[in-house]
Amino acid sequence: MVAADNIQTASQVEKFDLLAYLKEKKQLCDEALDKALPVRYPEKIYEAMRYALLAGGKRLRPILCLTTNEMLGGTIEMALPTAVAVESIHTMSLIHDDLPAMDNDDYRRGKLTNHKVYGEDIAILAGDGLLAYAFEFVATQTRNVPAERVLKVIARLGQATGATGLVGGQVLDLESEGKTDTPVETLNFIHSHKTGALLEACVVCGGILAGATPEEEQRLSRYSQNIGLAFQIIDDILDITATAEQLGKTAGKDLKANKVTYPSLWGIDESRAKAQQLIKEACAELEPFGAKAQALIAIAHFIISRDR
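Rules behind the numbers
- Residues numbered from 1 in each chain as written.
- Predicted model: local features only at pLDDT ≥ 70, side-chain atom pairs only at ≥ 80, totals over all residues.
- Heavy atoms only, no water.
- Helix = DSSP H or I, 4+ residues; strand = E, 2+ residues; numbered from the N terminus.
- Buried < 20%, exposed > 50% of the residue type's maximum accessible area, 1.4 Å probe, protein only.
- Contact = heavy atoms within 4.5 Å.
- Core = buried A, V, L, I, M, F, W, Y, C linked by side-chain atoms within 4.5 Å.
- Disulfide = S-S within 2.5 Å.
- Expected span 1.5 Å × (residues − 1).

Asker: How should I be thinking about the environment of Tyr-223 in this particular structure?
Answerer: Tracing the backbone through its elements, the reader meets Tyr-223 in helix α12 (residues 214-241). Exposure remark for Tyr-223: the relative accessible area of 0% places this residue in the buried category. Along the primary structure Tyr-223 and Gly-267 are separated by 44 residues, whereas in three dimensions their C-alpha atoms are 25 Å apart. Other than its neighbours up to four places away in sequence, Tyr-223 contacts Leu-64, Val-203, Ala-282, Glu-285, Leu-286, Leu-296 and Ala-300.

Asker: Please clarify how the nonpolar core should be interpreted in this entry.
Answerer: Soluble globular proteins tend to pack their nonpolar side chains together in the buried interior. By size, the foremost hydrophobic cluster in this structure holds 90 residues, and its most contacted members are Leu-18, Leu-64, Leu-157, Tyr-223 and Ile-227. Residue contributions to this core peak at 11 residues, all from helix α5 (residues 76-97). Other than its neighbours up to four places away in sequence, Leu-64 contacts Leu-199, Cys-202, Val-203, Tyr-223, Ile-227, Leu-296 and Ile-299.

Asker: How do you make sense of the state of the cysteines when you look at a structure like this?
Answerer: Note on terminology: a disulfide is the covalent bond linking the sulfur atoms of two cysteines. According to the stated counting rule, one finds zero disulfides in the structure shown. Of all cysteine sulfurs in the structure, the one in Cys-65 sits closest to Cys-205, which takes part in no disulfide; the separation is 6.6 Å. Overall, the relative accessible area of 0% leaves Cys-205 in the buried class.

Asker: Before we go on, may I ask you to explain α5 in this structure?
Answerer: Between its first and last C-alpha atoms α5 spans 30 Å; for 22 residues at 1.5 Å apiece the expected length is 32 Å, and the two agree. Here α5 lies mainly inside the structure; 21 of its 22 residues are buried.

As C-alpha coordinates, then:
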(Lines give C-alpha, C1' and ligand atoms only; values in the text may rest on other atoms or scores of the structure.)
Protein backbone atom coordinates (compact mmCIF):
# COMPACT_ATOMS: atom_id res chain seq x y z
CA MET A 1 0.00 0.00 0.00
CA VAL A 2 2.83 2.41 0.88
CA ALA A 3 4.58 1.71 -2.45
CA ALA A 4 1.34 2.33 -4.35
CA ASP A 5 0.85 5.63 -2.52
CA ASN A 6 4.39 6.69 -3.42
CA ILE A 7 3.85 5.83 -7.10
CA GLN A 8 0.65 7.84 -7.08
CA THR A 9 2.41 10.79 -5.47
CA ALA A 10 5.25 10.74 -8.03
CA SER A 11 2.75 10.62 -10.87
CA GLN A 12 0.74 13.51 -9.48
CA VAL A 13 3.86 15.63 -8.91
CA GLU A 14 4.93 15.01 -12.51
CA LYS A 15 1.58 16.35 -13.72
CA PHE A 16 1.54 19.21 -11.21
CA ASP A 17 1.45 22.62 -12.93
CA LEU A 18 4.00 24.41 -10.76
CA LEU A 19 4.19 27.56 -12.87
CA ALA A 20 0.44 28.13 -12.61
CA TYR A 21 0.58 27.35 -8.88
CA LEU A 22 3.44 29.79 -8.25
CA LYS A 23 1.76 32.50 -10.33
CA GLU A 24 -1.49 32.17 -8.38
CA LYS A 25 0.23 32.18 -4.99
CA LYS A 26 2.56 35.03 -5.96
CA GLN A 27 -0.40 37.20 -6.93
CA LEU A 28 -2.06 36.39 -3.61
CA CYS A 29 1.11 37.35 -1.72
CA ASP A 30 1.63 40.55 -3.75
CA GLU A 31 -1.92 41.69 -3.00
CA ALA A 32 -1.55 40.89 0.70
CA LEU A 33 1.77 42.75 0.93
CA ASP A 34 0.35 45.82 -0.82
CA LYS A 35 -2.64 45.87 1.51
CA ALA A 36 -0.56 45.23 4.63
CA LEU A 37 1.58 48.35 4.29
CA PRO A 38 -0.30 51.50 3.23
CA VAL A 39 1.51 54.84 3.11
CA ARG A 40 1.08 56.88 6.31
CA TYR A 41 2.84 59.81 7.94
CA PRO A 42 5.83 60.25 7.73
CA GLU A 43 5.39 59.27 4.11
CA LYS A 44 9.06 58.88 3.18
CA ILE A 45 9.72 55.88 5.43
CA TYR A 46 6.59 54.05 4.25
CA GLU A 47 7.43 54.79 0.64
CA ALA A 48 10.95 53.38 1.16
CA MET A 49 9.56 50.28 2.88
CA ARG A 50 7.02 49.72 0.10
CA TYR A 51 9.61 50.38 -2.62
CA ALA A 52 11.59 47.35 -1.47
CA LEU A 53 8.69 45.18 -0.36
CA LEU A 54 6.75 45.53 -3.61
CA ALA A 55 9.75 45.44 -5.97
CA GLY A 56 8.87 41.96 -7.21
CA GLY A 57 10.75 38.74 -6.68
CA LYS A 58 9.65 35.11 -6.68
CA ARG A 59 7.89 35.32 -3.26
CA LEU A 60 9.28 31.84 -2.60
CA ARG A 61 9.39 32.25 1.17
CA PRO A 62 5.77 33.29 1.74
CA ILE A 63 4.64 30.68 -0.79
CA LEU A 64 6.49 27.98 1.16
CA CYS A 65 4.70 29.11 4.32
CA LEU A 66 1.27 28.98 2.67
CA THR A 67 1.98 25.68 0.90
CA THR A 68 3.14 23.88 4.05
CA ASN A 69 0.14 25.17 5.96
CA GLU A 70 -2.24 23.89 3.29
CA MET A 71 -0.49 20.51 3.17
CA LEU A 72 -1.26 20.03 6.86
CA GLY A 73 -4.89 21.06 6.56
CA GLY A 74 -4.63 24.76 7.33
CA THR A 75 -6.17 27.68 5.45
CA ILE A 76 -4.76 30.61 3.51
CA GLU A 77 -6.36 33.00 6.02
CA MET A 78 -4.58 31.56 9.04
CA ALA A 79 -1.14 31.57 7.37
CA LEU A 80 -1.24 34.77 5.31
CA PRO A 81 -0.11 37.14 8.13
CA THR A 82 2.96 34.97 8.73
CA ALA A 83 3.58 34.82 4.97
CA VAL A 84 3.54 38.64 4.88
CA ALA A 85 5.89 38.70 7.87
CA VAL A 86 8.52 36.38 6.38
CA GLU A 87 8.61 38.40 3.16
CA SER A 88 8.97 41.59 5.22
CA ILE A 89 11.90 40.08 7.12
CA HIS A 90 13.47 38.81 3.90
CA THR A 91 13.10 42.26 2.32
CA MET A 92 14.78 43.84 5.35
CA SER A 93 17.72 41.49 4.87
CA LEU A 94 18.01 42.46 1.20
CA ILE A 95 17.95 46.21 1.96
CA HIS A 96 20.66 45.84 4.60
CA ASP A 97 22.70 43.34 2.56
CA ASP A 98 22.91 45.82 -0.33
CA LEU A 99 24.28 48.66 1.82
CA PRO A 100 27.84 49.92 1.14
CA ALA A 101 28.99 48.59 4.54
CA MET A 102 27.79 45.09 3.59
CA ASP A 103 27.67 43.72 0.01
CA ASN A 104 27.49 47.17 -1.61
CA ASP A 105 25.17 46.59 -4.57
CA ASP A 106 23.44 49.12 -6.79
CA TYR A 107 20.66 46.88 -8.11
CA ARG A 108 18.16 44.44 -6.63
CA ARG A 109 15.36 42.72 -8.54
CA GLY A 110 16.28 44.82 -11.57
CA LYS A 111 15.78 48.14 -9.77
CA LEU A 112 18.08 50.55 -7.98
CA THR A 113 18.72 49.40 -4.42
CA ASN A 114 16.94 51.16 -1.58
CA HIS A 115 19.91 53.25 -0.45
CA LYS A 116 20.50 54.44 -4.03
CA VAL A 117 16.97 55.87 -4.11
CA TYR A 118 16.39 57.01 -0.52
CA GLY A 119 19.90 57.30 0.93
CA GLU A 120 21.67 55.04 3.39
CA ASP A 121 20.01 56.55 6.46
CA ILE A 122 16.44 55.96 5.24
CA ALA A 123 17.35 52.54 3.81
CA ILE A 124 18.61 51.36 7.21
CA LEU A 125 15.46 52.67 8.87
CA ALA A 126 13.25 51.09 6.18
CA GLY A 127 14.81 47.73 6.96
CA ASP A 128 14.32 48.30 10.69
CA GLY A 129 10.70 49.29 10.08
CA LEU A 130 9.97 46.15 8.06
CA LEU A 131 11.55 43.91 10.68
CA ALA A 132 9.52 45.39 13.54
CA TYR A 133 6.32 45.40 11.50
CA ALA A 134 6.70 41.71 10.68
CA PHE A 135 6.31 40.68 14.32
CA GLU A 136 3.52 43.19 14.94
CA PHE A 137 1.63 41.87 11.91
CA VAL A 138 1.77 38.23 13.01
CA ALA A 139 0.66 39.15 16.54
CA THR A 140 -2.24 41.40 15.54
CA GLN A 141 -3.50 39.91 12.28
CA THR A 142 -3.41 36.12 12.79
CA ARG A 143 -6.96 34.83 13.22
CA ASN A 144 -8.51 31.49 14.23
CA VAL A 145 -5.21 30.05 15.45
CA PRO A 146 -4.57 29.08 19.10
CA ALA A 147 -2.47 31.73 20.87
CA GLU A 148 0.27 29.24 21.80
CA ARG A 149 0.85 28.47 18.11
CA VAL A 150 1.11 32.18 17.26
CA LEU A 151 3.56 32.66 20.12
CA LYS A 152 5.63 29.73 18.87
CA VAL A 153 5.71 31.25 15.36
CA ILE A 154 6.89 34.62 16.71
CA ALA A 155 9.66 32.92 18.70
CA ARG A 156 10.72 30.87 15.66
CA LEU A 157 10.88 33.96 13.46
CA GLY A 158 12.99 35.75 16.08
CA GLN A 159 15.45 32.84 16.24
CA ALA A 160 15.70 32.71 12.45
CA THR A 161 16.33 36.44 12.14
CA GLY A 162 18.74 37.25 14.98
CA ALA A 163 22.27 36.23 15.94
CA THR A 164 21.15 32.59 16.06
CA GLY A 165 20.11 32.81 12.41
CA LEU A 166 20.35 35.38 9.63
CA VAL A 167 22.42 37.96 11.54
CA GLY A 168 24.91 35.37 12.78
CA GLY A 169 25.37 33.99 9.28
CA GLN A 170 25.89 37.48 7.85
CA VAL A 171 28.57 38.27 10.44
CA LEU A 172 30.58 35.16 9.54
CA ASP A 173 30.06 35.91 5.84
CA LEU A 174 31.61 39.36 6.31
CA GLU A 175 34.48 37.96 8.38
CA SER A 176 35.21 35.30 5.75
CA GLU A 177 35.36 37.70 2.82
CA GLY A 178 38.72 37.49 1.08
CA LYS A 179 39.78 34.40 3.04
CA THR A 180 40.34 31.79 0.37
CA ASP A 181 41.11 29.13 2.99
CA THR A 182 37.59 29.19 4.46
CA PRO A 183 36.63 25.54 5.13
CA VAL A 184 33.42 24.02 3.83
CA GLU A 185 32.14 23.65 7.43
CA THR A 186 32.26 27.44 7.85
CA LEU A 187 30.63 27.93 4.47
CA ASN A 188 27.82 25.55 5.47
CA PHE A 189 27.34 27.44 8.75
CA ILE A 190 27.19 30.79 6.96
CA HIS A 191 24.55 29.72 4.49
CA SER A 192 22.48 27.53 6.81
CA HIS A 193 22.09 30.66 8.94
CA LYS A 194 22.23 33.58 6.50
CA THR A 195 19.90 31.98 3.94
CA GLY A 196 18.63 28.72 5.36
CA ALA A 197 17.35 29.78 8.79
CA LEU A 198 14.61 32.07 7.50
CA LEU A 199 13.69 29.67 4.71
CA GLU A 200 13.36 26.90 7.31
CA ALA A 201 11.22 29.16 9.49
CA CYS A 202 8.87 29.80 6.56
CA VAL A 203 8.20 26.09 6.15
CA VAL A 204 8.09 25.16 9.83
CA CYS A 205 5.92 28.13 10.82
CA GLY A 206 3.42 27.18 8.14
CA GLY A 207 3.28 23.76 9.78
CA ILE A 208 3.05 25.12 13.32
CA LEU A 209 0.03 27.27 12.44
CA ALA A 210 -1.76 24.18 11.10
CA GLY A 211 -0.96 22.13 14.22
CA ALA A 212 1.99 20.04 13.03
CA THR A 213 3.10 17.29 15.40
CA PRO A 214 6.70 17.35 16.75
CA GLU A 215 7.61 14.58 14.29
CA GLU A 216 6.10 16.54 11.39
CA GLU A 217 8.00 19.64 12.49
CA GLN A 218 11.25 17.66 12.39
CA ARG A 219 10.50 16.41 8.89
CA LEU A 220 9.68 19.95 7.76
CA SER A 221 12.92 21.21 9.32
CA ARG A 222 15.03 18.62 7.51
CA TYR A 223 13.20 19.25 4.23
CA SER A 224 13.75 23.00 4.46
CA GLN A 225 17.38 22.73 5.63
CA ASN A 226 18.14 20.67 2.54
CA ILE A 227 16.35 22.94 0.08
CA GLY A 228 17.92 25.98 1.77
CA LEU A 229 21.44 24.70 1.21
CA ALA A 230 20.57 23.61 -2.34
CA PHE A 231 19.15 27.11 -2.96
CA GLN A 232 22.46 28.70 -1.91
CA ILE A 233 24.55 26.31 -4.01
CA ILE A 234 22.50 27.23 -7.08
CA ASP A 235 22.82 30.93 -6.15
CA ASP A 236 26.61 30.52 -6.12
CA ILE A 237 26.51 28.82 -9.52
CA LEU A 238 24.24 31.51 -10.99
CA ASP A 239 26.58 34.24 -9.76
CA ILE A 240 29.12 32.74 -12.16
CA THR A 241 26.91 31.63 -15.06
CA ALA A 242 24.00 34.10 -15.21
CA THR A 243 23.90 37.68 -16.47
CA ALA A 244 23.00 40.74 -14.43
CA GLU A 245 19.78 40.99 -16.48
CA GLN A 246 18.80 37.46 -15.48
CA LEU A 247 19.68 37.96 -11.83
CA GLY A 248 18.27 41.46 -11.44
CA LYS A 249 21.46 42.34 -9.53
CA THR A 250 25.20 42.54 -10.17
CA ALA A 251 26.63 39.27 -11.48
CA GLY A 252 30.10 37.90 -10.65
CA LYS A 253 30.25 39.66 -7.27
CA ASP A 254 31.51 36.63 -5.34
CA LEU A 255 34.52 36.28 -7.62
CA LYS A 256 35.37 39.99 -7.40
CA ALA A 257 35.06 39.91 -3.60
CA ASN A 258 37.31 36.85 -3.39
CA LYS A 259 34.58 34.93 -1.60
CA VAL A 260 34.79 31.22 -1.03
CA THR A 261 31.74 29.64 -2.65
CA TYR A 262 30.60 26.09 -3.31
CA PRO A 263 31.74 26.19 -6.96
CA SER A 264 35.15 27.54 -5.88
CA LEU A 265 35.54 24.52 -3.58
CA TRP A 266 33.91 21.81 -5.69
CA GLY A 267 33.55 23.17 -9.23
CA ILE A 268 30.25 23.80 -10.98
CA ASP A 269 29.41 20.21 -11.94
CA GLU A 270 30.01 18.75 -8.49
CA SER A 271 28.17 21.66 -6.87
CA ARG A 272 25.15 21.01 -9.06
CA ALA A 273 25.30 17.28 -8.24
CA LYS A 274 25.38 18.04 -4.51
CA ALA A 275 22.38 20.36 -4.88
CA GLN A 276 20.47 17.60 -6.67
CA GLN A 277 21.30 15.15 -3.88
CA LEU A 278 20.06 17.63 -1.28
CA ILE A 279 16.75 17.98 -3.15
CA LYS A 280 16.40 14.19 -3.29
CA GLU A 281 16.93 13.98 0.47
CA ALA A 282 14.50 16.86 1.06
CA CYS A 283 11.74 15.17 -0.93
CA ALA A 284 12.30 11.88 0.94
CA GLU A 285 11.30 13.69 4.15
CA LEU A 286 7.88 14.39 2.65
CA GLU A 287 6.97 10.79 1.78
CA PRO A 288 4.67 10.32 4.82
CA PHE A 289 2.51 13.22 3.61
CA GLY A 290 1.71 11.41 0.36
CA ALA A 291 0.03 13.28 -2.48
CA LYS A 292 -0.56 16.34 -0.28
CA ALA A 293 3.16 17.10 -0.55
CA GLN A 294 3.17 17.47 -4.35
CA ALA A 295 3.52 21.27 -4.28
CA LEU A 296 6.44 21.23 -1.83
CA ILE A 297 8.17 18.53 -3.87
CA ALA A 298 7.68 20.52 -7.08
CA ILE A 299 9.04 23.68 -5.40
CA ALA A 300 12.11 21.74 -4.26
CA HIS A 301 12.87 20.71 -7.84
CA PHE A 302 12.20 24.25 -9.06
CA ILE A 303 14.95 25.52 -6.74
CA ILE A 304 17.67 23.65 -8.63
CA SER A 305 16.26 24.26 -12.11
CA ARG A 306 15.86 28.05 -11.86
CA ASP A 307 17.99 30.43 -13.91
CA ARG A 308 17.80 33.48 -11.63
